[in-house]
Amino acid sequence: NMVNLYDTARALGVPFTLEHKRSRRTLQTSDLALNYFEWGSPDSPRVMLLHGFAQTARSWDLIALSLADRYHVVSVDARGHGDSEWSASAAYSSEDHRRDVKTLIKHLGSTPITLIGLSMGGGTSYSYAAENSEDIRALVIIDTGPVGNPKGRSRINSFVTMEDELDTLEEFVQRIHGYSTVRTLEQVRSSVMNNVMQNNAGKWTWKYDKALRDPNRPRKRIPQEQAWAYLKSISCASMLIRGANSDLFMAETAVEMQKVMQNCTLVTVENAGHLVPRDNPVGFLQAVSPWLDEIHGIDSGDS
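Rules used in this analysis
Residues numbered from 1 in each chain as written. Predicted model: local features only at pLDDT ≥ 70, side-chain atom pairs only at ≥ 80, totals over all residues. Heavy atoms only, no water. Helix = DSSP H or I, 4+ residues; strand = E, 2+ residues; numbered from the N terminus. Buried < 20%, exposed > 50% of the residue type's maximum accessible area, 1.4 Å probe, protein only. Areas by Shrake-Rupley, 256 points an atom, 1.4 Å probe, with all protein chains shown as cover. Lys, Arg positive; Asp, Glu negative; His and termini not counted. Charge placed at Lys NZ, Arg CZ, Asp CG, Glu CD. Core = buried A, V, L, I, M, F, W, Y, C linked by side-chain atoms within 4.5 Å. Contact = heavy atoms within 4.5 Å. Pairing = 2+ DSSP bridges.

Draft legend 1. Summary view of the overall build of the protein. The number of helices and strands found in the protein is eleven helices and eleven strands. Going through the 303 residues of the protein one by one, you find that 57% of them count as buried. Carbon and sulfur atoms form 49% of the exposed surface of the protein, whose accessible area is close to 13,100 Å². Looking at charge distribution, the protein has the averaged site of its 32 positive side-chain charges lying 3 Å from that of its 36 negative ones.

Below, the structure written as structure tokens:
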């Protein structure tokens, strides 16, 4: 499995020097067990990666492998996702996610850290940075903001509320590929097992909590005014990344966010939709790595 990852990284041109292994960990919070992975040396500066809705910590593998040369990378399965436990009371608000991040940061010790979050994880990241500035050294927000693009939202909603018990794994591969044309069928096939599981009836279904797919259950987003207030209050070095082809995050929202934030660099990554680090890992790393290294005073040479 790890060998596959190294081969994929080389084939895509993702830079890394050591064949880092990921270590799997579990943390018991006040109400459920969180699953997370650690990469690289615990003595290196810490970077925490927060994935998007319906994704898992494993969607960061290529990025984590590359950053682990210089950073202690922690990639978390959000509650209700991946191998973290589901919340018995379907507590999946931004506040719940922030509380989990707080618990994990406390558990790991040694702050401040850098938070990198995509979509749902991006909302958790910037709201966390606003409320806990002492914990955060730098912040990377990927393809999310106070306002979403309704077109993209309805695409995502129709995707997650489709028939979710399929007979074969290949049906899932085809479906996911249909929504993520940037990635090859092979790339989807190699990662699909991180997102689906077989239920007791032998059907294949999504790994994340079914409550999150209930069309009648409102997604608890950060209220717009609150979100803008959070962004205005953030003073740490921040980078905002938008996928050039994203149908979820509008370019004008990105520009407005950069304006209101105190210290924000805006980057558009070409050949990427909403799932920027997955659609174009090399382009993502070209934006993030030199910037992170400069903030941390790391001389990364030519990489």
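From this point, the discussion proceeds with the structure in view.
Draft legend 2. Spatial organisation of the side chain of Asp279. The topology assignment puts Asp279 in helix α10 (residues 276-279). By relative accessible area, Asp279 is classed as buried at 14%.

Draft legend 3. Structural detail: the nonpolar core. In terms of nonpolar packing, the biggest core is built from 39 residues, with Trp39, Leu67, Ile116, Ile142, Ile241 and Phe284 touching the most fellow members. For this core, the leading source of residues is helix α11 (residues 281-295), giving six residues. Apart from the residues lying within four places of it in its own chain, the contact partners of Leu67 are Val47, Val73, Ile116, Leu285, Ser289 and Leu292. Among the nonpolar cores identified, the runner-up in size contains 32 residues, and Leu50, Ile105, Leu240 and Met257 belong to it.

Draft legend 4. Broad picture of the sheet that holds strand β8 (residues 196-198). Spatially, the three strands line up as an open sheet ordered β7-β9-β8, and their pairing is antiparallel. In the strand order of this sheet, the two ends are held by β7 (165-166) and β8, each with one partner. Where β8 meets strand β9 (residues 204-206), three bridges bridge the pair, whose relative direction is antiparallel. Along β9, the bridge assignment pairs Met197 with Thr205.

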